[in-house]
Amino acid sequence: MQVDVLLGLQWGDEGKGKIVDVFCPKYDLIARFQGGPNAGHTLEFDNKKFVLNTIPSGIFNEDTLNLIGGGVVIDPIILKRELDNLRTAGFDPVGKGNLVIARRAHLILPTHQLLDAASESKMGSGKIGSTLKGIGPTYMDKTGRNGLRVGDTTLSNFTERYEKLKAKHLEILSHYGEVPDFSEKEAAFLSAIEFLKTIPHVDSEHLVNRYLKEGKSVLAEGAQGTLLDVDFGSYPFVTSSNTTTAGACTGLGVAPNTIGSVYGIFKAYATRVGGGPFPTELEDETGEQLRQLGHEFGATTGRARRTGWIDLPALKYAIMLNGVTELIMMKADVLDTFEKISVCTHYKYNGEVIDYMPYEIITNQAEPVLEEIQGWNQDVTGIRTKDEIPTALHDYITYLEKALEVPIKYLSVGPDRTQTIEL
Ligand code: GDP
Ligand code: IMO
Ligand code: MG
């Protein structure tokens, strides 16, 4: 068996949570491989709506095991809150035994969040626009070899090591100015660490590889999007992990030759939250229309998402980096009322017309070359089969498949589980 991967091809919030939830009955294991509670994965079914930050989106299927992989960074307070919310809604993954955590996953400390906030406020207008969840500083401690991991919580020297790392953070924070009181947060953190011990800790590399050997199916769930990848995104306006297929290998401990299908998710338009370049951004009425119709407000922070037209050079780049084998187009319904839809086919850059994403688009802007496509002008939220797809939407799909050279296998026409069409 192979590991299938599902990940975002744009700047995050493509609808990963919804599709993982739709796919999960086909899989024995769903494994989140990177990121942390900067993610907000929304799923809707039976008139209920859930937003998951750390927990994989296969959690509502009791027959699927859900793994928080070693490449993830965990805020125990947020994880506990997510599980409390699920319990209130009648779901109990810990009791049912369908949630496990990798020992190698790193812990986000309260002081990591203070460092994130201090760093962002120091940067002023050039700030990244991080989610302030402590993601960057936690991954810095991971690569700096200072971090604390889930497996450390059961060791006798955990408190000592926590105090040591905290002291280091406080010293750095003192250079930024006065350190705010975080005693309440610290108490909540230490209590959540005790709670974390009640969730089974596993060696994710052995678990996933055993599943593969036993012929069980595995889906790796990405967070954020390819254009936020720390190596290939619009650096420094990126997150601090590898959001690409390669991140599934390092985040779970699976070899590259075990990767099977790679499902790349994208919206029928584009959004971005936080700072950084966004060549097709619309700062006009059309952009506002996309924001309102698409409810483009962050699932984690509530911030208004920036909106714009679909960007083919950026999507081609993401497809190449990830080895995407199948595409999934989300939120087609948001374009239902548009007479015309624009598509960015090329960029004008340094006086040339190019069809790829250049290295430098921060100081030297890439100007989008747009092509107009006929809209379908019809409500598609009620359609459930491919035969019902309006001709103009069908043409849009065919146009994109031709340009991207990868088949679009699923179409999403609304936030609910049932609003998903296999093509
Ligand atoms: P994720 O981070 O990739 O899981 O995506 P988010 O949950 O942050 O954002 C996607 C948003 O779009 C959520 O509010 C979903 O409920 C919603 N959504 C998902 N698919 C569709 C769709 O096809 N149409 C519409 N209108 N909304 C959708
Ligand atoms: P999901 O998984 C959209 C963005 C932040 C910021 C940058 C760095 O829901 O798609 P960080 O807190 O990671 O240091 O912030 O990355 N960002 C996201 N944008 N969706 C996400 O996750 C994101 N996670 C981080 O807005 O610009
Ligand atoms: Mg999201």
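Below is a short write-up of the structure. Remember, it's a predicted structure, so these values are computed and weren't measured experimentally. Counting restarts for each chain, with residues numbered from 1 along the sequence as it is written. To read the labels, note that chains go from A and ligands from 1, taken in the order they are written. Thresholds applied to this predicted model are a pLDDT of at least 70 for local features of residues and 80 or more for the giving and counting of side-chain atom pairs; totals over whole chains, interfaces and linings are not thresholded and use all residues. For side-chain calculations, the full set of non-hydrogen atoms in the structure is used, while hydrogens and water are omitted.

### Focus on the overall build of the chain
Where helices and strands are cited, they refer to DSSP runs of H or I of at least four residues and of E of at least two residues respectively, numbered from the N terminus. Each helix and strand in the chain was counted, giving 12 helices and 20 strands. Along the first, second and third principal axes, the C-alpha atoms of the chain reach 65 × 50 × 40 Å. Split into buried and exposed, the 423 residues of the chain put 57% on the buried side. Put simply, 76% of the contacts in the chain that link residues at least 6 apart link residues at least 24 apart. When the accessible surface of the chain is summed, it comes to about 17,800 Å², and 49% of that surface belongs to carbon and sulfur atoms. The averaged location of the 56 negative side-chain charges in the chain is 5 Å from the averaged location of its 42 positive side-chain charges. Under the scheme applied here, a residue whose accessible area is under 20% of the maximum for its type counts as buried, over 50% as exposed, and between as partly exposed, the area being computed with a 1.4 Å probe on protein chains only. Any pair of residues with heavy atoms lying within 4.5 Å of one another is described as a contacting pair. Working definition of accessibility: Shrake-Rupley area with a 1.4 Å probe, residue cover restricted to the visible protein chains. Positive charges are assigned to Lys and Arg, negative charges to Asp and Glu, while His and the chain termini are left out of the count. Think of each charge as sitting on NZ of Lys, CZ of Arg, CG of Asp or CD of Glu.

### Digging into the site of ligand 2
Nearness of a residue to a molecule or strand requires only that one of the residue's heavy atoms be within 4 Å of it. Residues in close proximity to ligand 2 total 21 residues, the closest being Asp13, Lys16, His41, Thr131 and Thr239. We call two N or O atoms a polar contact when they sit within 3.5 Å, provided that within protein one can donate a hydrogen and the other can accept it, with sequence-adjacent residues counted only if both atoms are side-chain atoms. Glycine 40 is positioned such that a nitrogen or oxygen atom in its backbone is 2.9 Å from an oxygen atom of ligand 2. When isolated, ligand 2 has an accessible area of 550 Å², and the protein chains bury 97% of it. Across the shell around ligand 2, the residue classes break down as eight nonpolar, 10 polar and three charged. Gly is placed with the polar residues, together with every amino acid not listed as nonpolar (Ala, Val, Leu, Ile, Met, Phe, Trp, Tyr, Cys and Pro) or charged (Asp, Glu, Lys and Arg).

### Points about the nonpolar core
By convention a nonpolar core is built from buried Ala, Val, Leu, Ile, Met, Phe, Trp, Tyr and Cys residues, the set being connected through side-chain atoms within 4.5 Å. Core analysis: the largest hydrophobic core is formed by 59 residues, its most contacted members being Met329, Leu393 and Tyr396. Broken down by element, this core gets its largest block of residues, six residues, from helix H12 (residues 391-404). Beyond its immediate chain neighbours, meaning those up to four positions away, tyrosine 396 contacts Ala268, Ile310, Met329, Leu335, Ile341, Val343, Ile373 and Trp376.

### Describing the packing of helix H4 (residues 110-123) against helix H5 (residues 135-143)
Throughout, an axis means a line fitted to C-alpha atoms (over the contacting stretch in the case of helices), and angles, computed between N-to-C directions, take values from 0 to 180 degrees. Across the interface, H4 lies against H5 with an axial gap of 7 Å and an inter-helix angle of 115°. The chirality of how H4 crosses H5 is right-handed. For the pair formed by H4 and H5, the contact residues are His112, Leu115 and Asp116 on the first element and Ile135, Pro137, Thr138 and Asp141 on the second. Left-handed describes a crossing in which the near helix is turned anticlockwise from the far one by less than a right angle; the clockwise case is right-handed.

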